[in-house]
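Examining the three-dimensional arrangement
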Amino acid sequence: DAALVDIDFEKVYAVIKRINQSRETKLEEDPLLFLKKFDLIRGDQVTNAALLLFSKKSLFYTEIQIGLFETNTIIKKSLTIKTDLLNEVDQVMDFIMSHITKEYVITGRPEREERWQYPLSAIREFVVNAVIHRDYQNGVHSQFKVFRDKLVVWNAGSLARELTVADLYNGSEKSYPRNLKVAEIFKEIGLIEKYGSGVERAVEEIGAYGLPRPEITLIAGGVNVVIFGDERLARKKSSEK
């Protein structure tokens, strides 16, 4: 039921600027032509992808619930996010970074080295994957849980029939983005590099960070990911409380 009046063209312009920052051949289109070029509008009709990416208003079907959990049943802080998909990635990352541990490591160089409880680029990969591959037609919100020693992500939408959990770990050559036009814009911006390989890279980065391999399972019609943190930093955080 959406129309062009529901699209925030300032958001479209901001995306064009982000794309141009990382490519040699610059996009010269104005926001309207950009939407047409990427098949995000067809005539005067607005696609679902355009609305998910550039809506002026809050959207019920993009809802994300994120919380800080002391136990499985005790929630210390929670946030509901209902905005466009690109802003959702930033807001989820802001919440996570506000509630995980960071320490400074003296390396002998003039600058101190930051060590977060998790490698942030790998966490962003899982956040981006959740946003891109969610089933937005079933109306079930995504869930992000921040515990003292782990992060849990549950996302509505099972895997494509051709994919298995093992394919996710191994970086399948097959790629079936649930929301192809959304994935295309994320790829143009640089938030994903290549379809089908992001989870494998994130898992490898987490392993190189000295953390256990994330657990990926299929639960309740969705994909559940458990990412275990640096136990030493988790204990330190707990003792500081």
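Look up a bit, the structure's there.
Please read these numbers as outputs of a predicted model, since none were measured by experiment.

Notes on the overall build of the protein
Of regular secondary structure, the protein possesses 9 helices and 10 strands. Looking at the protein residue by residue over its 241 residues, the buried ones come to 47%. Of the contacts made within the protein by residues no fewer than 6 positions apart, 60% connect residues no fewer than 24 positions apart. Surface accessibility of the protein: about 13000 Å² in total, with carbon and sulfur atoms responsible for 48%.

Some words on the layout of surface pockets
To locate leftover empty space, one rolls a probe as large as a water molecule over the atoms. Computed from the structure, the second largest pocket encloses a volume of approximately 370 Å³. N48, A49, L52, Y136 and Q137 are the residues nearest the centre of the second largest pocket, which is lined by 17 residues in total. Elements represented by at least two residues in the lining of the second largest pocket include exactly α3 (48-54) and α7 (180-189). Here the element with the most residues in the lining of the second largest pocket is α3; it accounts for 4 residues. Each residue belonging to the lining of the second largest pocket can be placed in one class, and the counts come to 9 nonpolar, 4 polar and 4 charged.

Some remarks on α7
Among the residues making up α7, those that are buried are V182, A183, I185, F186 and I189. For α7, the buried positions fall inside an angular range of 160 degrees around the axis, keeping them on one side. Taken from the residues just after α7, G190 is the one with a positive phi, measuring 105 degrees.

A few points about empty space enclosed by the protein
Within this structure, the stated rule accounts for 1 cavity of 30 Å³ or more. Estimates place the volume of the largest cavity at around 40 Å³. Taken together, the elements giving at least two residues each to the lining of the largest cavity come down to α5 (120-133), β7 (142-146) and β8 (150-156). When the residues that make up the lining of the largest cavity are grouped by side-chain class, the tally is 8 nonpolar, no polar and 1 charged.

A closer look at unusual backbone geometry
In the Ramachandran plot, D39 falls in the positive-phi region, its phi being about 60 degrees despite a non-glycine side chain. Under the relative-accessibility criterion, D39 is labelled partly exposed at 28%. A positive phi angle is found at A220, which is not glycine, with a value near 50 degrees. Locating A220 in the fold gives a position in the loop between β9 (215-219) and β10 (222-228). What makes A220 exposed here is its relative accessible area of 70%.

A few points about α5
Helix length check: α5 (14 residues) gives 20 Å between terminal C-alpha atoms against 20 Å at 1.5 Å per residue, within 8%. Among the residues of α5, those classed as buried are A122, I123, E125, F126, V127, V128, N129, A130, V131 and I132.

Details of the packing of helix α1 (residues 9-20) against α7
The contact between α1 and α7 brings their axes to 7 Å, and the two run at 50 degrees. Compared by their axis directions, α1 and α7 come out oblique. On α7, the residues touching V15, R18 and I19 of α1 are I185, E188 and I189. When the residues that make up the contact of α1 with α7 are grouped by side-chain class, the tally is 4 nonpolar, no polar and 2 charged.

Criteria and thresholds
Residues numbered from 1 in each chain as written. Predicted model: local features only at pLDDT ≥ 70, side-chain atom pairs only at ≥ 80, totals over all residues. Heavy atoms only, no water. Helix = DSSP H or I, 4+ residues; strand = E, 2+ residues; numbered from the N terminus. Buried < 20%, exposed > 50% of the residue type's maximum accessible area, 1.4 Å probe, protein only. Contact = heavy atoms within 4.5 Å. Areas by Shrake-Rupley, 256 points an atom, 1.4 Å probe, with all protein chains shown as cover. 1 Å grid on protein atoms, 1.4 Å probe; cavity = no way out; pocket = protein on both sides within 12 Å on 5 of 7 lines; lining within 4 Å. Points joined across faces, edges and corners; volume = space filled by probe spheres on them. Nonpolar A, V, L, I, M, F, W, Y, C, P; charged D, E, K, R; others polar. Arc of directions from axis to C-beta. Expected span 1.5 Å × (residues − 1). Axes fitted to C-alpha atoms, helices over the stretch in contact; angles between N-to-C directions. Parallel < 35°, antiparallel > 145°, perpendicular 65-115°, else oblique.

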